[in-house]
Amino acid sequence: MYSPSHAADSDSDGSLLSDVSASPPRRRSPPPPPKQRPKPVSTSTPKPKPKPKPKPKPKPNPTPASVASASAAVPALRAAALSDPHGLAARIAAGSALTAASTTVSSSSFRRLVQSRNPTFDPATAFTAPAPSDAPTAAPPAPCVPPAAAAAAAATDAPQQQPQARPKRVHPNSVSEVAPAAAAGGEQPKRARGGSEGNFVRLNINGYGRRRTFKNAQARRSTKCRSWRRQRAAAGGAAPRDQGDEEGDLVAEALMEREKKSASDGILEVVEAAREDASEQNLERLLKAACGYDSFREGQLEAIQNVVAGESTMLVLPTGAGKSLCYQVPAMILPGLTLVVSPLLSLMVDQLRKLPAFLPGGLLGSSQTSDEFHDTLRRLRAGEIKVLFVSPERFLNEEFLLIFRDTLPISLVAIDEAHCISEWSHNFRPSYLRLRASLLRRKLNVQCILAMTATATTQTLEEIMNALEIPSGNLIQTSQLRENLQLSISLSDNRLKDLMLLFKSPPFVDMRSIIVYCKFQSYHSGLLIKNRSRVQELFCSNKIRVVIHYSLPESLEEYIQETGRAGRDGRLSHCHLLLDLSTFYKIRSLSHSDGVDEYAMSKFLYQIFSSENTTGYICSLVKELTSRKFDIKEEVLLTILTQLEIGHQQYIRLLPQFSVTCTLNFHKTPILGSWKNRSEMKDGHYVFDIPRIANDLKITMNEVSDHLHKLKFSGEISFELKDPAYCYVILWRPDDFNALSANLTRWLSEVESSKIRKLDAMFALANFAVKGCKRTGGCSGSQHTPCIQKKIMQYFGNGDGTSENDCRTQLQKSSPFLQADIKVFIQSNSFAKFTPRAVARIMHGISSPAFPSATWSKNHFWGRYVEVDFPLVMEAAKAELVKFVGKGE
Ligand SMILES: Nc1ncnc2c1ncn2[C@@H]1O[C@H](COP(=O)(O)OP(=O)(O)OP(=O)(O)O)[C@@H](O)[C@H]1O
């Protein structure tokens, strides 16, 4: 197993650096097997939808046995690591374990848990308290009051002293007003009841009150008019139902009756009608009743009908065109849960807030507190959530899958910003790599996927549809451009001055709400909270009329997305781009910050699969340490690990990230024998590695952590967790490390090239507008709407997303002083172990984990050659390093 101390030792030769001496001899890697290409994607605008084709019958739900046999295909892992890796099942069943603080160590469930997993575990030795002198001598602090106890005390005292305030009615999806729930036992926020809100929908459209096995995939397009009731009865009727279910049904039925009576707005009736027959008329009635809109916008109806019929669909609508509605309406109709995967917390919060009032939503983000997480879990299990927003990081990890085991049927997975799946998109996200139809089907029994994006080239669309197994006939695409945007560009050598001038000149001078996109500073920097909320509100309420790009966007996709923030209400709006060369060079340089040398990749792979890391055991890589050691950014480390998990061969299984080093102090209970043996004493504290304890005791890291929390809440210990790490279990060791590292390096370098091509295409467009446009096709002054639109259409119509670009001429091919400067630089910093890439990054002013800007930007060569193409600088550095090493310096 990897531990921080090992990390420090294992690269003692420092040989990762100064790798100019040839990499270890290796066989050339075989190219990865060719990807299966989907049928060609039509990009006509808008595209008439082909007649529905008969589809193969959806596969029946895998039985638990079939799921078990599928998972048995991978090498056997320890039961402990697989069965309940985070103790979630237990926590879900028993409520929050953290609040059960009264248990003592000797009677704790922890002991039973360890014994059940590890029969050879000897509690007598493990839990025998050593002599008191072994315990740290620090004076015990005042006993902590467990939060649950404090909450309970507050709950019993408070009402006697104060008259009860009338509960405030809140929108069920109000983000700001719903306080995070206290741990179990604490008071939960009250939800709005009655009328057409929360409960009404929970009971009537969730279907959780009764256990149905309805699967929307069973609906066919040709049966859109088939009764939803009949489908439900057919699918669910045969399943044996136990008494508990029947009771649940009765309760649900009774409540449904009650709620029906109070449903004054008749939404239930409209929802039922749309379930019976998802015709245009019924869906429009639902749209009117639920959202208040009279008609669907282009693409919406078709997408909704597709999804309701259980057909996976790719939806490409411009920003602000109303993509969210395409999962909201199906969520009202479909019986199970709708999961929405979204890349940014702010997006999720915004979408959650915008759910119709009676469509209850929840959120599971990667930065949630444990209380928030447990509150969402509780609401999920209580059937109070119909639409769940999930971050891609949370999605499909073991902890997440456990939530859905057995209980919650999922009708639809909607993937927002689906372009993040494709490494050829402008915004590739490693965590999106896990979103594959095969995985969704296997792990969550999801049959229907809705992928949504505002911008994607044909190559990106192909890749998304391939990964999500969306038939080419199910692409719904309208123009990626909105007609109400006036696009202008001007060349600037003093952007701040030009920005100020712009603000003072028409039409910008009359505008009250403006967004300025700056690459290197966020919108709220330096804003007072009041102003910041106003900007946020304007941003969310579609009232932005002007967008100014102070820096060049990194791709045409980004340009479209960002300009798309303006005029979302359809009114004429203005978008101006200030083009300057220095920003272009800076951004282009930064595009090289993710690259990895093959040699570093190979060393990293050896670390992952180090012989200390036993197959089937929990292994960890401390993020910061590993990143510095291999000079690879943390996101790139994660990308590589994810590839090892989801590639053609599954080498590892990623576990949730965890802080793996624990520093412990005992206040009451002397240290557990088993833990003591595995700890080091440092400055009077016990320090141990959580994965090591988990592996030795055959329990999960979450179980170790839960136990620590219990002891902490009962005032027996205090502890600190540090060293956030990537955690994984090895399933399969690579046969050929060299081939694997060559493949991964090549893949990363292709991703990097694609990023650069996109930036170059953006630059080419802007450069053409300011220098090449003859202003004959309707362009005038800095107004370039016609020529920009034309170029954008060409770009998106072009298979690989590239377009002719003239930016390369802007980059210098070389410089007479480059070689000499590199020589001086290397000689004057001979203490450092450089790679050619590291030298080139410094010459380009790019910070990296091993050569951070905080240290290296003081060097006067920092960023000096930003205008010379990066690969050329790398070549020059390599030549100099070879000479330097050759001389034995
Ligand atoms: N059929 C409709 N009629 C009127 N307004 C609609 C309709 N559909 C959606 N809208 C409104 O359009 C606005 C934009 O919708 P939404 O946020 O779903 O757009 P989007 O396509 O997801 O945009 P982005 O790509 O920027 O996230 C919302 O205020 C929404 O209520």
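Treat the numbers as computed from the prediction; the structure is a model and nothing was measured. (Residues numbered from 1 in each chain as written. Predicted model: local features only at pLDDT ≥ 70, side-chain atom pairs only at ≥ 80, totals over all residues. Heavy atoms only, no water.)

Visitor: Would you mind going over the packing of aromatic side chains with me for this structure?
Guide: To describe a pair of aromatic rings, one takes the distance between the centres and the angle between the planes. On inspection of all chains with the given rule, the structure shows 15 aromatic pairs. With centroids separated by 5.7 Å and ring planes inclined at 40°, the aromatic side chains of Phe584 and Tyr585 adopt a geometry described as tilted. Taking relative accessible area as the criterion, Tyr585 reaches 6% and is therefore assigned buried. Every member of this aromatic cluster is reached through a ring pair, and the members are Phe825, Phe831, Phe834, Phe851, Trp856 and Phe861. (Phe/Tyr/Trp six-rings, centres within 6.5 Å; stacked < 30°, edge-to-face > 60°. Buried < 20%, exposed > 50% of the residue type's maximum accessible area, 1.4 Å probe, protein only.)

Visitor: Looking at this structure, how should I read the site of the ligand?
Guide: The environment of the ligand is made up of 15 residues, and the closest members are Tyr293, Gly320, Lys323, Ser324 and Arg568. Ala321 is positioned with one of its backbone polar atoms (N or O) 3.3 Å from an oxygen atom of the ligand. Separating an oxygen atom of the ligand from a side-chain N or O atom of Ser324 is a distance of 2.6 Å. Protein chains bury 83% of the 640 Å² of accessible surface belonging to the ligand in isolation. Taken domain by domain, the shell around the ligand gets at least three of its residues from each of domain 1 (267–477) and domain 2 (481–600 + 749–810). (Near = heavy atom within 4 Å. Polar contact = N/O pair within 3.5 Å; in protein donor to acceptor, adjacent residues only side chain to side chain. Areas by Shrake-Rupley, 256 points an atom, 1.4 Å probe, with all protein chains shown as cover. Domains from an automatic or database assignment.)

Visitor: When you look at the state of the cysteines in this model, what are you seeing that I'm missing?
Guide: Working definition of a disulfide: a covalent bond connecting the sulfur atoms of two cysteines. Under the counting rule described, the total for this entry stands at 0 disulfides. Cys727 provides the cysteine sulfur closest to Cys619, a residue in no disulfide bond, and the two sulfurs are 9.1 Å apart. (Disulfide = S-S within 2.5 Å.)

Visitor: How should I be thinking about the pattern of salt bridges in this particular structure?
Guide: When charged atoms on two side chains of opposite charge get close, those side chains can pair. Per the stated rule, a full pass over the model turns up 23 salt bridges. Across the pair Glu558 and Lys519 runs a salt bridge whose closest N-O atoms are separated by 2.6 Å. With Glu558 in helix 22 (residues 556–563) and Lys519 in the loop between strand 9 (514–517) and helix 21 (529–540), this pair connects stretches of sequence that are 39 residues apart. The class of Glu558 is buried, set by a relative accessible area of 13%. For Glu880, the salt bridge is made with Lys883, and the minimal N-O distance between the two is 2.9 Å. Taken as a pair, Glu880 and Lys883 lie in helix 35 (residues 870–886) at a separation of 3 residues, close to a single helical turn. For Lys883, a relative accessible area of 46% corresponds to the partly exposed category. Via salt bridges that share partners, Asp594, Lys633, Glu635 and Lys755 belong to a single interconnected network. (Salt bridge = Lys/Arg side-chain N within 4 Å of Asp/Glu carboxyl O. Helix = DSSP H or I, 4+ residues; strand = E, 2+ residues; numbered from the N terminus.)

Visitor: For this particular structure, what's the right way to read the side chain of His784?
Guide: Structurally, the position occupied by His784 is in the loop between helix 30 (737–772) and helix 31 (785–797). What His784 contacts, discounting residues up to four positions off in sequence, is Leu487, Ser488, Ile489, Ala769, Cys773, Arg775 and Cys779. (Contact = heavy atoms within 4.5 Å.)

Visitor: How should I be thinking about unusual backbone geometry in this particular structure?
Guide: Along the chain, Pro506 connects to Pro507 via a cis peptide bond; the corresponding omega equals 0°. Among the secondary structure elements, Pro507 is positioned in the loop between helix 20 (495–504) and strand 9. Positive phi values are uncommon outside glycine, yet Lys698 reaches one of about 55°. Relative to the helices and strands, Lys698 resides in the loop between helix 28 (690–697) and helix 29 (701–713). Judged by relative accessible area, which is 28%, Lys698 ranks as partly exposed.

Visitor: Sorry, what's going on with the sheet that holds strand 11 (residues 573–579) here?
Guide: If you trace the 4 strands from one edge of the open sheet to the other, you get 8-11-10-9, paired in parallel fashion. The open sheet has two free edges, formed respectively by strand 8 (485–491) and strand 9, since each of these has just one partner strand. Ignoring which end each strand starts from, the neighbouring axes of this sheet average 15° apart. As defined by bridge partners, strand 10 (residues 546–549) adjoins strand 11 across 4 bridges and the pair is classed as parallel. (Pairing = 2+ DSSP bridges. Axes fitted to C-alpha atoms, helices over the stretch in contact; angles between N-to-C directions.)

Visitor: Before we go on, may I ask you to explain helix 14 (residues 325–333) in this structure?
Guide: Turn by turn, an α-helix covers 3.6 residues, leaving residues three or four places apart pointing in a common direction. Among the 9 residues of helix 14, 9 are classified as buried, and the element is accordingly described as predominantly covered. Turning to helix 14, its buried residues are Leu325, Cys326, Tyr327, Gln328, Val329, Pro330, Ala331, Met332 and Ile333.

Visitor: Sorry, what's going on with the environment of Gly361 here?
Guide: Take Gly361: it is sitting in strand 3 (residues 361–364). Sequence separation of Gly361 and Leu380 is 19 residues, and the distance between their C-alpha atoms is 9.3 Å.

Visitor: Is there a simple way to explain the nonpolar core in this structure?
Guide: Soluble globular proteins tend to bury their nonpolar side chains together. Membership of the largest hydrophobic core comes to 42 residues, with the highest contact counts inside it found for Leu283, Leu286, Leu315, Tyr327, Val387, Phe389 and Leu450. When residues of this core are traced back to their parent elements, those giving at least two are helix 11 (267–276), helix 12 (280–291), helix 13 (300–308), helix 14, helix 15 (345–353), strand 4 (387–390), strand 5 (410–415) and strand 6 (449–453). Element by element, the count of residues in this core is highest for helix 14, at 7 residues. Residues in contact with Tyr327, not counting those within four places in the same chain, are Thr338, Val340, Gln351, Leu355, Val387, Phe389, Leu412, Ala414, Leu450 and Met452. (Core = buried A, V, L, I, M, F, W, Y, C linked by side-chain atoms within 4.5 Å.)

Visitor: Any chance you could explain the packing of helix 13 against helix 14 here in plain terms?
Guide: When two helices pack together, you describe them by how their axes are tilted relative to each other and by the distance separating the axes. Between helix 13 and helix 14, the shortest axis-to-axis distance is 9 Å and the interhelical angle comes to 40°. As judged from the angle between their axes, helix 13 and helix 14 are oblique. Remark: the crossing between helix 13 and helix 14 carries right-handed chirality. On helix 14, the residues that touch Gln300, Ala303, Ile304, Val307 and Val308 of helix 13 are Leu325, Cys326, Val329, Pro330 and Ile333. Here the residues of the contact of helix 13 with helix 14 sort into 9 nonpolar, 1 polar and no charged. (Parallel < 35°, antiparallel > 145°, perpendicular 65-115°, else oblique. Left-handed = near helix turned anticlockwise from the far one by under 90°. Nonpolar A, V, L, I, M, F, W, Y, C, P; charged D, E, K, R; others polar.)

Visitor: For this particular structure, what's the right way to read the pairing of strand 12 (residues 618–622)?
Guide: For strand 12, the tally of buried residues reaches 5 of 5 residues, placing the bulk of the element in the interior. The two faces of strand 12 match: Ile618, Ser620 and Val622 on one face and Cys619 and Leu621 on the other face are all buried. Pairing of strand 12 with strand 16 (residues 717–730) involves 5 bridges; the strand directions are antiparallel. By the bridge assignment, Leu621 is partnered in strand 16 with Tyr726.

Visitor: Sorry if this is basic, but what is going on with the packing of helix 24 (residues 598–608) against helix 26 (residues 634–646) here?
Guide: Running from amino to carboxyl end, helix 24 crosses helix 26 at an angle of 60°, the nearest separation of the two axes being 12 Å. As for how helix 24 packs across helix 26, the hand of that crossing is right-handed. Packed against helix 24, whose contacting residues are Met601, Phe604, Leu605 and Ile608, the element helix 26 presents Leu637, Ile640, Leu641 and Leu644 at the interface. Residue composition of the contact of helix 24 with helix 26, grouped by class: 8 nonpolar, no polar and no charged.

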